[in-house]
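Chain by chain, the residues run as shown.
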Amino acid sequence: MSAQILPGATLGVLGGGQLGRMFCVAARTMGYRVVVMDPDPLCGAGLIADLHIRADYDDQSALKEMAEQCDAITLEFENIPSESVRFIADKTTVYPVAESLEIAQNRDLEKQFALKAGLRPVPYSAIVQQSDLLQAARHVGFPAILKSNTLGYDGKGQFVVNNLDELTAAYNQVGKVDCVLEKKITIRCEVSAIVARNINAELASFPVSENQHRNGVLHMSIVPARVDESISQLAIESASLLADAMSYVGILAVEFFVSDDDILYFNEMAPRPHNSGHYTKDACVTSQFEQQVRMMCGLKPGDTRLLSPVVMVNMLGDLWQPDWRNIFAQNNIKLHLYGKTEARPGRKMGHFDVLAEDVEAALIVAERVFVKLSE
Ligand code: ADP
Ligand code: MG
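Chemist: Please clarify how the overall build of the chain should be interpreted in this entry.
Modeler: Check the secondary structure of the chain and you find 12 helices and 18 strands. The C-alpha atoms of the chain give a radius of gyration of 20 Å, which matches the 21 Å a tight globule of 375 residues would have. In terms of principal-axis extent, the alpha carbons of the chain reach across some 60 × 50 × 40 Å. The buried share of the chain, taken over its 375 residues, is 57%. Taking the intrachain contacts of the chain between residues at least 6 apart in sequence as the baseline, contacts between residues at least 24 apart amount to 61%. Counting every atom, the chain has about 16000 Å² of accessible surface; 49% of that belongs to carbon and sulfur. Of the side chains in the chain, 34 bear a positive and 47 a negative charge, and the two mean positions are spaced by 2 Å.

Now the structure itself:
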């Protein structure tokens, strides 16, 4: 057993958006001191942390200060440069490690890794140069989706293409960076599995979430997912296999597609808490953020039991003068706002969880309240 990091110690997070903020809240609740690093002076986590180091993620003197301050450090999102993670890993404990991060940062690498671990990605081809386009089109067929290998999120850097001309145009538009061309499949539903694994290989999984997207962005998560138990089981087993294959330490979220013919396809993974796991804050014994703290501190995973059926709804900045009375009029809704002052279209401003005796009842309330908030 390696040493456990206990309350009173200082924990750090690279990245200060809503995921960093919810990590800070969980860590402080558990009695840790928290330090966040983020260049944005108004970032939501900075307002909650004991210390906010305002610097870019490749700023070595800031990283050094972070490492000196912190007994353990984690990441808010996967686009932190892996060299920065390596740099601080020389000086203090960091989870997830740079090698895991590098796999999750790159769509081609993560698909290759998933294949090796026995999962099934959607048929795809890697594109590293213009001359790969024709071969990829032949292999994958149309319609297809061109996705940049790195730096994509919430549907950014993605193009649906229906023929070789459109593919070529899309490839030019992304700036001829490395890409994958994926078959566009008919999706019955999307699910995600979030697992936690510590340094002693103890593993725990949260209940599988059913995820509905709008414009490539998560809109709603429904738990328990309305899929066959065998599909939920396979999603959890697959995510656990991936975590074990990487000797992963931390929270690992894995997104899947369920096709019309009930095949579970691996989509992508995130080496961190995930938007589709926000429901755990109100509906599980342990939240994904408490679990993140437990994993980086070498503690046992907390109980992931679901205490109530739940529907989580994202609130974006598209229409942003919500009348909060619509939420507080309900006695079974929990509101979470991220402390962002500026509302921009597509920007995640907050979410709410509806808890009810079953997901059908929760969905009715969730939809009604969401429509009212958007009026
Ligand atoms: P991001 O990194 O932006 O989350 P994803 O690859 O998860 O990118 O794609 C975002 C959404 O686009 C998915 O949740 C799904 O709804 C849709 N999508 C992505 N890939 C495919 C595909 N191969 N076939 C059909 N729909 C897809
Ligand atoms: Mg995704």
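After that view, the rundown keeps rolling.
Chemist: What is the right way to read the sheet that holds strand S6 (residues 124–127) from this model?
Modeler: Within a sheet, neighbouring strands are paired by backbone hydrogen bonds and run either parallel or antiparallel to one another. Taking strand neighbours across the sheet as the criterion, the four strands line up as S6-S9-S7-S8 in an open arrangement whose pairing is antiparallel. Two strands in the sheet have a free side with no partner beyond their single neighbour: S6 and strand S8 (158–161). Going from strand to strand, the sheet's axes swing by 20 degrees on average, the running direction of each strand aside. With four bridges joining them, strand S7 (residues 144–148) and S8 adopt antiparallel strand pairing. Note that in S8 the partner of Ala144 across the bridge is Val161. Seen against the sheet, helix H6 (residues 132–140) touches S6, S7 and strand S9 (179–183) and runs at an angle of roughly 175 degrees to S6.

Chemist: In this structure, what is going on with the coordination of the magnesium ion (ligand 2)? I would like to understand it.
Modeler: Each donor-metal-donor angle would ideally measure 109.5 degrees in four-coordinate tetrahedral geometry, or 90 or 180 degrees in six-coordinate octahedral geometry. Protein coordination at the magnesium ion (ligand 2) comes from Glu255 (OE), Glu255 (OE) and Glu268 (OE), with a distance range of 1.9 to 2.8 Å. Separated by 13 residues along the polypeptide, Glu255 in strand S14 (residues 250–259) and Glu268 in strand S15 (residues 264–270) bring together distant segments of the chain. The exposure class assigned to Glu255 is buried, which follows from its relative accessible area of 15%.

Chemist: Hey, could you run me through the nonpolar core in this one?
Modeler: When a protein is soluble and globular, its nonpolar side chains tend to lie buried together. By size, the foremost hydrophobic cluster in this structure holds 28 residues, and its most contacted members are Val191, Leu242, Leu252, Val254, Phe256 and Met269. Of all elements in the fold, only helix H4 (98–104), helix H5 (107–116), strand S10 (187–197), helix H8 (229–245), S14 and S15 reach the threshold of two or more residues within this core. Broken down by element, the residue count for this core peaks at six residues, all from H8. Setting aside residues no more than four positions away along its own chain, Leu242 makes contact with Phe113, Ala114, Ala117, Leu119, Leu252, Val254, Phe266 and Met269. With 22 residues, the next largest nonpolar core counts Ile5, Met22, Ala26 and Ala27 among its residues.

Chemist: Is there a simple way to explain the packing of H6 against helix H7 (residues 164–173) in this structure?
Modeler: Two quantities define a packed helix pair, namely the angle between the axes and the distance from one axis to the other. In contact at an axis separation of 10 Å, H6 and H7 are set at 130 degrees when each is read in the N-to-C sense. One element, H6, and the other, H7, form an angle in the oblique class. As H6 runs across H7, the sense of the crossing is right-handed. The segment H6 lies against H7, with Leu133, Leu134 and Ala137 engaging Leu164, Leu167, Thr168 and Tyr171. Considering only residue class, the contact of H6 with H7 consists of six nonpolar, one polar and no charged.

Chemist: Mind showing me how you'd approach the layout of surface pockets here?
Modeler: The gaps of empty space that remain are located by a probe, the size of a water molecule, rolled over the atoms. Space inside the second largest pocket adds up to approximately 330 Å³. If you go around the second largest pocket, you meet 16 residues; those closest to its centre are Asn314, Met315, Leu316, Asp318 and Phe370. Listed by contribution, the elements that provide at least two residues to the lining of the second largest pocket are strand S13 (217–223), strand S16 (310–316) and helix H12 (359–374). Its residues assigned to classes, the lining of the second largest pocket shows nine nonpolar, five polar and two charged.

Chemist: Can you walk me through H7 in this structure?
Modeler: Burial in H7 covers these residues: Leu167, Ala170 and Tyr171. One side of H7 carries all its buried residues, which in axial view fall inside an arc of 100 degrees. Opposite the buried face of H7, by more than 90 degrees, sit the exposed residues Asp165 and Gln173. On the buried face of H7, the contacting elements are S6, H6, S7, S8 and S9. At the N-terminal end of H7, a side-chain oxygen is found 3.2 Å from the backbone nitrogen of Asp165, two or three residues along, and the residue is Asn163. Directly after H7, the chain includes Gly175, whose backbone phi takes a positive value near 85 degrees.

Chemist: I would appreciate a short explanation of the pattern of salt bridges in the present structure.
Modeler: Any two side chains of opposite charge can pair, on the condition that their charged atoms come close. Inspection of every chain in the model, using the stated rule, returns 16 salt bridges. Residue Glu268 pairs with Arg107 through a salt bridge whose shortest N-O separation is 3.2 Å. Here the residue Glu268 occupies a position in strand S15, and Arg107 occupies one in helix H5, the gap between them amounting to 161 residues. An identical accessibility class is assigned to Glu268 and Arg107; each is buried. The shortest N-O distance in the salt bridge between Glu182 and Lys111 comes to 2.9 Å. Residue Glu182 is found in strand S9, and its partner Lys111 is found in helix H5; the two are separated by 71 residues along the sequence. Exposure remark for Glu182: the relative accessible area of 2% places this residue in the buried category. Members of the salt-bridge network, linked through shared partners, are Arg86, Glu99 and Glu102.

Conventions adopted
Residues numbered from 1 in each chain as written. Chains lettered and ligands numbered in written order. Predicted model: local features only at pLDDT ≥ 70, side-chain atom pairs only at ≥ 80, totals over all residues. Heavy atoms only, no water. Helix = DSSP H or I, 4+ residues; strand = E, 2+ residues; numbered from the N terminus. Rg over C-alpha atoms; globule rule 2.2 N^0.38 Å. Buried < 20%, exposed > 50% of the residue type's maximum accessible area, 1.4 Å probe, protein only. Contact = heavy atoms within 4.5 Å. Areas by Shrake-Rupley, 256 points an atom, 1.4 Å probe, with all protein chains shown as cover. Lys, Arg positive; Asp, Glu negative; His and termini not counted. Charge placed at Lys NZ, Arg CZ, Asp CG, Glu CD. Pairing = 2+ DSSP bridges. Axes fitted to C-alpha atoms, helices over the stretch in contact; angles between N-to-C directions. Donors = N, O, S within 2.8 Å, 3.2 Å for Na, K, Ca; no water. Core = buried A, V, L, I, M, F, W, Y, C linked by side-chain atoms within 4.5 Å. Parallel < 35°, antiparallel > 145°, perpendicular 65-115°, else oblique. Left-handed = near helix turned anticlockwise from the far one by under 90°. Nonpolar A, V, L, I, M, F, W, Y, C, P; charged D, E, K, R; others polar. 1 Å grid on protein atoms, 1.4 Å probe; cavity = no way out; pocket = protein on both sides within 12 Å on 5 of 7 lines; lining within 4 Å. Points joined across faces, edges and corners; volume = space filled by probe spheres on them. Arc of directions from axis to C-beta. Polar contact = N/O pair within 3.5 Å; in protein donor to acceptor, adjacent residues only side chain to side chain. Salt bridge = Lys/Arg side-chain N within 4 Å of Asp/Glu carboxyl O.

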